[in-house]
Structure formats: C-alpha cells, structure tokens
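# Tertiary structure, described
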Amino acid sequence: MEVEQNQACTELLELVIDGQATQEQHQKLMGHLEKCEYCREEYLLSKSIQESLKNHIKPNHTPSGLANSIQTKISETASLK
Ligand SMILES: [Zn+2]
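Heads up: these notes are all about the structure in this document. Note that the coordinates shown come from a computational prediction; the quantities given were computed from them, not determined experimentally. (Residues numbered from 1 in each chain as written. Predicted model: local features only at pLDDT ≥ 70, side-chain atom pairs only at ≥ 80, totals over all residues.)

## Quick notes on the overall build of the chain
Check the secondary structure of the chain and you find four helices and zero strands. Seen in sequence order, the chain has helices and strands lined up from the N terminus as α-α-α-α. The long-range fraction of contacts in the chain, counting pairs at least 24 apart against all pairs at least 6 apart in sequence, stands at 36%. (Helix = DSSP H or I, 4+ residues; strand = E, 2+ residues; numbered from the N terminus. Contact = placed C-beta atoms within 7 Å.)

## A word on helix H2 (residues 23–35)
With 13 residues, H2 should reach 18 Å at 1.5 Å per residue; the first-to-last C-alpha distance of 19 Å fits that figure. Little of H2 sits inside the fold, with one of its 13 residues counted as buried. (Expected span 1.5 Å × (residues − 1). Buried ≥ 20, exposed ≤ 12 C-beta atoms within 10 Å, placed from the backbone.)

## Regarding the environment of Thr77
Structurally, the position occupied by Thr77 is in helix H4 (residues 66–80). For Thr77, a count of 14 C-beta atoms within 10 Å corresponds to the partly exposed category. The spatial distance from the C-alpha of Thr77 to the C-alpha of Leu45 is 8.0 Å, given a sequence separation of 32 residues. Residues in contact with Thr77, not counting those within four places in the same chain, are Glu41 and Leu45.

Written out as structure tokens, the structure is:
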C-alpha cells in the first residue's frame, strides 16, 4: 500500500519538476510536501540540481565546488532513506 502511494507522489513530483504539472497538480504536491518528508527531500534535491544546471549554463557564473555540494546533497539524501 505504501509503495503505491509513493509511486503516485513520485509521478506528481516529476511532473512538477519537469514543469508539466497543471496548477492544480502543483498545489496538490505543495500540500503533499508538508506531510511527506520523502517527497520534500526529493523535491528540494531536484530543485537544487535544476538551479545548479541553470547557473552552469551561464558563463562566468559557475560557483566553484558546485559538483561537490551536489554530491554532498545526494549522499545526505541517500543516507536518510
Ligand atoms: Zn510523497
């Protein structure tokens, strides 16, 4: 039962991160994130990677140690699971 629920919210999460979610889906996820720690971690991690990628595209705007900080976030999240 829990696995099914996780799959559903992971799909919702992916839609929002891909920017393909409707406003209703987006709001639903935001409400869900307050209750679901797993999705909140996933969401924050994906967002930070997305932001980093965006910054990475811009010239002269690549913070040093970026890859390291992403790696740290990933392993932090992995260790929480
Ligand atoms: Zn969830």
